[in-house]
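Descriptive analysis of the structure
One-letter residues, chain by chain:
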Amino acid sequence: MPSLSNSDELIFCVNGRKVIEKNADPEVYLLFYLRKILHLTGTKYSCGSGGCGACTVMVSRYDPKTKKIHHYPVTACLVPICSLHGAAVTTVEGVGSIKTRIHPVQERLAKCHGTQCGFCSPGMVMSIYTLLRNHPEPTPEQITEALGGNLCRCTGYRPIVESGKTFCAESTVCQMKGSGKCCMDQEEKSFTSRQEKMCTKLYNEDEFQPFDPTQEPIFPPELIRMAEDPNKRRLTFRGKRTTWITPVNLNDLLELKTSFPEAPIIMGNTAVGPSIKFRDEFHPVFISPLGLQELYFVDSTDDGVTIGAGYSLAQLNDALHFIVSEQPKEKTKTYHALLKHLRTLAGAQIRNMATLGGHVVSRPNYSDLNPILAAGNATINLISKEGKRQIPLDGRFLEKSPEANLKSEETVLSVYIPHSTQWHFVSGLRIAQRQENAFAIVNAGMSVKFEDGTDTIKELQMFYGSVGPTVVSASKTCQQLIGRKWNDQMLSDACRLVLDEIYIPPDAEGGMVEYRRTLIISLLFKFYLKVRRGLNKMDPHKFPDIPEKFVSALEDFPIETPQGIQMFQCVDPHQPLQDPVGHPVMHQSAIKHTTGEAVFVDDMPPISQELFLAVVTSTRAHAKIILIDTSAALALPGVVDVITAEDVPGDNSYQGEIFYAQNEVICVGQIVCTVAADTYAHAKEAAKKVRIVYEDLEPRIITIEQALEHNSFLSAEKKIEQGDVEQAFKYVDQIIEGKVHVEGQEHFYMETQTILAIPQEEDKEMVLHLGTQFQTHVQEYVAAALNIPRNRIACHTKRAGGAFGGKVSKPALLGAVSAVAAKKTGHPIRFILERGDDMLITAGRHPLLGKYKIGFMNNGVIKAADIEYYINGGCSPDESELVMEFMVLRSENAYYIPNFRCRGRPCKTNLPSNTAFRGFGFPQGIVVGEAYITAVASQCDLTPEQVKEINMYKRNSRTAHKQTFNPEPLRRCWKECLEKSSFSARKLAAEEFNKKNYWKKRGLAAVPMKFTVGMPTAFYNQAAALVHIYLDGSVLVSHSGCELGQGLHTKMIQVASRELNIPESYIHLSETNTTTVSNATFTAGSMGADINGKAVQNACQILKARLEPVIRKNPRGTWEAWISEAYKESISLSTTGYFKGYQTNMDWKKGEGNAFPYFVYGASCSEVEVDCLTGAHKLLRTDIFMDAAFSINPAVDIGQIEGAFVQGMGFYTIEELKYSPEGVLYSRGPDDYKIPTVTEIPEEFNVTLVCSQNPIAIYSSKGLGEAGMFLGSSVLFAIYDAVAAARRERGLTKTFTLSSPATPELIRMTCVDQFTDMIPRDDPSTFTPWSIHVS
Ligand SMILES: Cc1cc2nc3c(=O)[nH]c(=O)nc-3n(C[C@H](O)[C@H](O)[C@H](O)COP(=O)(O)OP(=O)(O)OC[C@H]3O[C@@H](n4cnc5c(N)ncnc54)[C@H](O)[C@@H]3O)c2cc1C
Ligand code: FES
Ligand code: FES
């Protein structure tokens, strides 16, 4: 940082080391400082908005008043360094390291298999570590709570929670605990009917180092001295554009507020920070009274409690818990309501940063606390140089009415919350896309006071969040109801009145208009019931209770700590001890993941003269580019160049993919140009200054329906057919037709696309470091863009922080874009996509429109099916044609339908181009099949499971594309799934539950699966390896697969270890690169371990054969001796290995072929509970039975299954991309795109690997990377089952259309009732909605 005068020194500690920053810049955030200035790269960037937890670190502060040290987690991406004066920061590097000592948190997370790609792992470590610093023996609930703000896209969370649970006072890992016998205590279990030995231990707790909380580093004494210094003074930090002032005491703060009335007070910075980062707010001065003693206190009186504005929401939570424990219940209703929302508001990090004062003043329209505070008659204590005053925290304040506001020179000192009273009820209600860490879709704070001893309303208050630009008060409604009795008539009038008063226009921002209208009255109804129950409790004779069937409507779903059992085949006791194959070996990089020492691309140290790249993307879906004016951008400091299509030396449009837009843009988010500058901040600032003039072009095609209207397709139709479909329809009992919409999905890999492109001095060589699944593709595109041969381009992939298909084709395009910039500027280019850009540019899973016509007999036998698939491919070919081929080929799933036809076409639209995604079309396509099965069941009065059973493949058969297979493992998975999950008994129990509960319904569903591995094009199935044995006996393995977190390298080490008959410790696997293994196929399609395993095996066997004569001569020799001898005998100790690939073929003209090397079978069963009033659901239990054949590494395979299942579950339920009618993607970060968190996973999650034979694959294993994804649909269909039960009870027996995802909105609006009937509806032809579906 350049030197600036008059700036104080900023002093804080990082991992015990003192940091003195002489020129602290208020615009610099801790995450940047750690990564780029201190080079502590263990802390990761993933979203920059506080929403993912990848950047979690621990902050510790000494409180001179209490003389205690306070440790708390924060998201470093929202912490300005200037706020850290006097604080101690601990990063993952400070917790432990391979170089020094691994901390038990790191060790256990690794050994419990809680890491896959490892990108989230440092954040997970920090969250658990911080919890342990405060609670050395936490409860399981505390573990779950501590992890609520940390996203993981790979593992499905179960092993992460489990690693945390190992610190709990008693081991709570096993769900059988309490039944007297713990499954973990048994080494082996006899589980299946065929008496296979099954194991349940994926790790050995005995290997864990003990955890000794007294061994943690001490708080730096110097910081204690600083905190206690009686001569403290005001601190000023001056940056290049802004000044940060920390007042020394309250008077000083008031002085500053008078001098700089417009300057924001920075407390947690969780409201101001995101506004600066994402909404381009600018403040020249910040005032930060963080730590000012006068703002931190709790003052409890007989009437209420006053809480200092500086209290974080976590401290508020603790204070309220204390008060609740002290005061009689009737006084604490407001506190209880606040506590309920405090549990789910954001994640632990944000709750520890955000303050009460900041929350109250920032007044977000989604605020969870303000509506309750207002309903509880809270007041705000203000102070300024003029003196003190109180203002009510009421409707006028929340609606930002100017006369009710604080004045610009005023500061909030505290908030007073009065006790509730006897005939007084206060509640907080909320529904969000996900239970925790998600803004409310609608929330409310409500309170009612009755005339003593009666149910006559004396005072009523209702405040709603997320129904308009501010929290709103339904004051007129409340006024009109005063004096009324609390009865059904009052409720009915209240609903009518409130709907009149709170009007959400049909085109309102945020969409979901009818849903939000319904929620306004559904939440009111919940409050009504709660109050009636409360009155009844106070005087049962006077006030009748609510119907028993309504009781379950009162409570939200509890947050439980997940648990479950994982079962897998035990290793043959005769297998040599050294042979790791079949054992649950820890991920090769797991410890490095958890210590933050695993290097991802942006963790690589700066390269001399490197430049940063920022993108300028199209804001129009289809338009002519009239002008690109880069002059203003080029004039900014630090900017080196702006790169456009003109600068591409080779092909700018290669295989239909355009690198830089030229003349016209074809989607919002297309790269038009890039800016290269000395820092990312400069590049980004300049990118905003590039002016592009467009002229809109017609047509603008966004949805599949629009594409069909315009006949806009990316490729020809793909079709398979068997039997005579038309003829069969003539002889069936019934025919049904339907449509299924399945929306898309964002990959949300935790590491965004990151590329380092380094031009070399000689021979036009270019080196690229990037996380990709397909290096050959990158090489090919870069070669095309630069117009140089591929042999000049070297791609290196150490690891990727998750990929899920999103790093198959897109890195090629982004690689070309950055290589062109590197070529033009002559500088190395560091290109890290921000989360928002990544989501916008790289797109994801194809949305699908499925149409079906099904002919069947009354007994449930399906005779004919005619299926049509249309997917939204976006603006360029990418892999859409291949996705459609896969979709069509796999469309029959597990069912034999004698007359079957499936046709499909990818549509060309003006959206960013959709691409590969785990499951490659299967998770979308097969929903259509399961939907028609469910529809048939409903028509035949059978359960869906019965219809599945009736139509499932039963014996050696041929698929619709005429490939023979034996479905025996499918039958076994299905049978065991139903039996072992006690499906029938639980189904009956759910029906009983449903009879007794009107507003909550349970549903169960089981889905069978026949999935495929490998590619229908044989040459895609090839792989190569290169194995070197060095003279000390150590072995270096390289192969064509990329490590994406799926444990591929770990399995390859296991293979090499078995083949060479040496311990794993001899074998190293460094990276994947194009210089060691050329022309590698993609690491995708679940075949990474299959094909690379064969190649590695081949190489090892060649070497072993070469060594054989040496070994024979000295059979008792050591490996090292044999190697030494072999060298002396001039035996080559290096070889390539090759796997030609599975011989597959597909003739699309005939629609037949042996398209896939083999099938993977599985089944899953899920049980959910649905809240019909809000649309929320809770996943109670899931059982998965997956045909793993023989698992090379059960920990890795179970990890893949669980992770894919949770990703699938997210896809089918809460993950929802929002597009404007003009094709603009709104959802560009974790704030508005919700992937599952730890609270979404099944409360009970059981996974069993079912054994079978698969001689074609290495060690008779199967590829399991993707198959679990579709099993997530058991949750979708369980929701469907629950919703159907609700509808039946309401007299709606007709089949209803089910789409995916089954969001809270969809669930609520399908559970039709008096409230959905009551809301105003708008004529769709009279307005343009805020968002549209694109499927
Ligand atoms: C990832 C994330 C998730 C979130 N999830 C939720 C959620 O689920 N529910 C929810 O309700 N909220 C949520 N929030 C919002 C969060 O509650 C607020 O941002 C937070 O409470 C603001 O507090 P702060 O201390 O960080 O304020 P700051 O950002 O520091 O300040 C905010 C504003 O308040 C003013 N201010 C602060 N203190 C005072 C004072 N003492 N006197 C006068 N003015 C003051 C500042 O001038 C500024 O204008 C979330 C935020 C993030 C980043
Ligand atoms: S990077 Fe900070 S929370 Fe996501
Ligand atoms: S291991 Fe958690 S994101 Fe990959």
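Nothing here was measured: the structure is a model prediction, and the numbers come from that model.

Considerations on the packing of aromatic side chains
Two measures describe an aromatic ring pair: the distance that separates the ring centres and the angle between the ring planes. Under the definition given, this model contains 40 aromatic pairs. A centroid spacing of 4.6 Å and a plane angle of 15 degrees characterise the contact between Tyr1280 and Phe1296, whose relative ring orientation is stacked. Here Tyr1280 is found in helix α37 (residues 1273-1289), whereas its partner Phe1296 is found in the loop between α37 and α38 (1304-1310), with 16 residues between them in sequence. Note on Tyr1280: relative accessible area 10%, which makes it buried. Taken together, Phe425, Phe450, Trp486, Phe525, Phe527, Tyr528, Phe550, Tyr998, Trp999 and Phe1315 form an aromatic cluster joined through their ring pairs. Between the NZ or CZ atom of Arg799 and the centre of the ring of Phe600, over which it lies, the distance is 5.7 Å. Of note, Arg845 hangs over the ring of Phe1211, and the distance from its end group to the ring centre comes to 4.8 Å.

A few points about the sheet that holds strand β1 (residues 10-14)
Taken in spatial order, the 5 strands make up an open sheet running β2-β1-β5-β3-β4, and their pairing is mixed. In the strand order of this sheet, the two ends are held by β2 (17-21) and β4 (68-75), each with one partner. Across the sheet, the mean angle separating the axes of adjacent strands is 30 degrees when strand polarity is ignored. Contacts between helix α4 (residues 121-134) and the sheet are confined to β3 (56-63), β4 and β5 (88-90), with β3 contributing the most and set at about 25 degrees to the helix. Its contacts with the sheet put helix α7 (residues 221-228) on β1, β2, β3 and β5, and the angle it makes with β3 is roughly 50 degrees.

What about the UniProt feature "binding site: [2Fe-2S] cluster 2" (unreviewed entry) in the protein chain?
Here the UniProt-annotated "binding site: [2Fe-2S] cluster 2" (unreviewed entry) positions come out as Cys117, Cys120, Cys152 and Cys154. Taken along the chain, the residues just named run across 38 residues; in space they keep tight, none of their C-alpha pairs more than 9.4 Å apart. One can find Cys117 in the loop between α3 (104-111) and α4. Aside from chain neighbours lying at most four places away, what touches Cys117 is Cys154, His593, Phe600, Ala800, Gly801, Gly802, Leu1044 and Gly1045. Note on placement: Cys120 falls in the loop between α3 and α4. What makes Cys120 buried here is its relative accessible area of 6%.

Description of the environment of Gly239
Topologically, Gly239 is positioned in the loop between β8 (235-238) and β9 (243-246). Linking Gly239 and Asn23, residues 216 residues apart in sequence, is a C-alpha distance of 7.0 Å.

Examining the sheet that holds strand β18 (residues 457-465)
With antiparallel pairing, 4 strands are arranged side by side in an open sheet as β16-β17-β18-β19. One side of each edge strand has no neighbouring strand; the edge strands of this open sheet are β16 (424-432) and β19 (472-473). In the sheet, strand β17 (residues 440-450) pairs with β18 via 8 bridges, with the strands oriented antiparallel. When the sheet's bridge partners are listed, Lys449 is paired in β18 with Glu459. Strands in contact with helix α11 (residues 333-344) are β16 and β17; relative to β16, the strand with the most contacts, it is inclined by about 15 degrees.

Structural notes on helix α5 (residues 140-147)
Regarding α5, the residues found buried are Pro140, Ile143, Thr144, Ala146 and Leu147. Projected down its long axis, α5 shows its buried positions confined to an angular sector of 160 degrees, all on one face. Along its buried surface, α5 packs onto α4, α6 (158-165), α11 and α12 (348-353).

Overview of the nonpolar core
Grouped together as the largest cluster of nonpolar side chains are 265 residues, with contacts concentrated most on Tyr464, Trp486, Ile854, Ile867 and Tyr932. Discounting chain neighbours no more than four positions away, the residues touching Tyr932 are Ile736, Tyr852, Ile854, Ile862, Ala865, Ile867, Ile897 and Phe900. Core analysis: the second largest hydrophobic core is formed by 87 residues, Leu10, Phe12, Val89 and Phe286 among them.

Overview of the UniProt feature "binding site: Mo-molybdopterin" (unreviewed entry) in the protein chain
The UniProt record marks Gln773, Phe804, Arg918 and Gly1085 with the feature "binding site: Mo-molybdopterin" (unreviewed entry), using the residue numbering of this structure. On the basis of their most widely separated C-alpha atoms, the annotated residues across 313 residues gather in one place, lying no more than 12.1 Å apart. With a relative accessible area of 3%, Gln773 lands in the buried category. Not counting residues up to four positions away in its chain, the partners in contact with Gln773 are Ala803, Phe804, Gly805, Gly806, Lys807, Val808, Cys1042, Leu1044, Thr1081, Phe1082, Thr1083 and Ala1084.

Remarks on a negative patch on the surface
Residues Glu761, Glu762, Asp763 and Glu765 make up a contiguous surface patch of negative charge. Tracing the backbone through its elements, the reader meets Glu762 in the loop between β31 (754-759) and β32 (766-770). Among the residues examined, Glu762 registers a relative accessible area of 56% and is labelled exposed.

What about the state of the cysteines?
A complete count under the given rule lists 1 disulfide for this structure. Here Cys199 connects covalently by a disulfide to Cys570, the sulfurs 2.3 Å from one another. Classification of the bridge connecting Cys199 and Cys570 rests on its S-S torsion, roughly 120 degrees, and on that basis the disulfide is right-handed. One end of the pair, Cys199, is in strand β7 (residues 197-199); the other, Cys570, is in the loop between β20 (566-569) and α19 (590-595), with 371 residues separating them in the sequence. The burial state of Cys199 is the same as that of Cys570; both residues are buried.

Remarks on the site of ligand 1
Met267, Thr270, Thr355, Asp368 and Val412 are the nearest of the 31 residues found near ligand 1. A distance of 2.9 Å separates an oxygen atom of ligand 1 from a polar atom in the backbone of Val272. Residue His359 places a side-chain N or O atom 3.0 Å away from an oxygen atom belonging to ligand 1. If ligand 1 stood free it would expose 980 Å²; the protein chains cover 94% of that surface. Looking at the shell around ligand 1, the elements that each hand over two or more residues are α13 (356-362) and β15 (411-418). With 5 residues, α13 is the single largest residue contributor to the shell around ligand 1. For the shell around ligand 1, the per-class residue count stands at 17 nonpolar, 12 polar and 2 charged.

What to know about the environment of Lys99
As for its position among the elements, Lys99 is in the loop between α2 (92-95) and α3. Linking Lys99 and Thr595, residues 496 residues apart in sequence, is a C-alpha distance of 9.9 Å.

A word on the packing of helix α28 (residues 922-940) against helix α29 (residues 944-951)
Viewed as axis vectors pointing N to C, α28 and α29 meet at an angle of 110 degrees, and their least axial separation amounts to 8 Å. By the angle class used here, α28 and α29 are roughly perpendicular. Seen along the crossing, α28 lies across α29 with a hand that is right-handed. Taken together, the residues of α29 that come into contact with α28 (itself represented by Glu930, Ile933, Thr934, Val936 and Ala937) are Pro944, Val947 and Lys948. A class-by-class count of the residues in the contact of α28 with α29 yields 5 nonpolar, 1 polar and 2 charged.

Some remarks on the confidence of the model for the protein chain
Here the protein chain averages 96 in pLDDT, and 98% of its residues register 70 or above. In the model, residues 175-194 has pLDDT below 50 throughout and makes 46 contacts with residues more than four positions away in sequence or in other chains.

Comments concerning unusual backbone geometry
Cis geometry marks the peptide bond from Glu698 to Pro699; its omega dihedral reads -10 degrees. By the element assignment, Pro699 lies in the loop between β28 (691-696) and α22 (704-709). Here the amide bond leading from Ser1300 into Pro1301 is cis, since omega sits at 5 degrees, within 30 degrees of zero. When you line up the elements, Pro1301 lands in the loop between α37 and α38. Even without glycine at this site, Phe804 takes up a positive phi of about 60 degrees. Of note, Phe804 is situated in the loop between β33 (793-797) and α25 (810-825).

A look at the packing of α5 against α6
With their axes 9 Å apart at the nearest point, α5 and α6 run at an angle of 130 degrees to one another. The orientation of α5 with respect to α6, classified from their angle, is oblique. The chirality of how α5 crosses α6 is right-handed. Counted together, Pro140, Ile143 and Leu147 of α5 and Ile160, Val161, Gly164 and Lys165 of α6 form the full contact between these two elements. Residues that form the contact of α5 with α6 fall into these classes: 5 nonpolar, 1 polar and 1 charged.

What counts and how
- Residues numbered from 1 in each chain as written.
- Chains lettered and ligands numbered in written order.
- Predicted model: local features only at pLDDT ≥ 70, side-chain atom pairs only at ≥ 80, totals over all residues.
- Heavy atoms only, no water.
- Phe/Tyr/Trp six-rings, centres within 6.5 Å; stacked < 30°, edge-to-face > 60°.
- Helix = DSSP H or I, 4+ residues; strand = E, 2+ residues; numbered from the N terminus.
- Buried < 20%, exposed > 50% of the residue type's maximum accessible area, 1.4 Å probe, protein only.
- Lys NZ or Arg CZ within 6 Å of the ring centre and 35° of its normal.
- Pairing = 2+ DSSP bridges.
- Axes fitted to C-alpha atoms, helices over the stretch in contact; angles between N-to-C directions.
- Contact = heavy atoms within 4.5 Å.
- UniProt positions renumbered as here; feature names shortened; annotations may be inferred.
- Arc of directions from axis to C-beta.
- Core = buried A, V, L, I, M, F, W, Y, C linked by side-chain atoms within 4.5 Å.
- Patch = residues over 30% accessible without salt bridge, like charges linked within 9 Å, V, L, I, M, F, W, Y side chains within 5 Å.
- Areas by Shrake-Rupley, 256 points an atom, 1.4 Å probe, with all protein chains shown as cover.
- Salt bridge = Lys/Arg side-chain N within 4 Å of Asp/Glu carboxyl O.
- Lys, Arg positive; Asp, Glu negative; His and termini not counted.
- Charge placed at Lys NZ, Arg CZ, Asp CG, Glu CD.
- Disulfide = S-S within 2.5 Å.
- Near = heavy atom within 4 Å.
- Polar contact = N/O pair within 3.5 Å; in protein donor to acceptor, adjacent residues only side chain to side chain.
- Nonpolar A, V, L, I, M, F, W, Y, C, P; charged D, E, K, R; others polar.
- Parallel < 35°, antiparallel > 145°, perpendicular 65-115°, else oblique.
- Left-handed = near helix turned anticlockwise from the far one by under 90°.
- pLDDT = per-residue confidence, 0-100.

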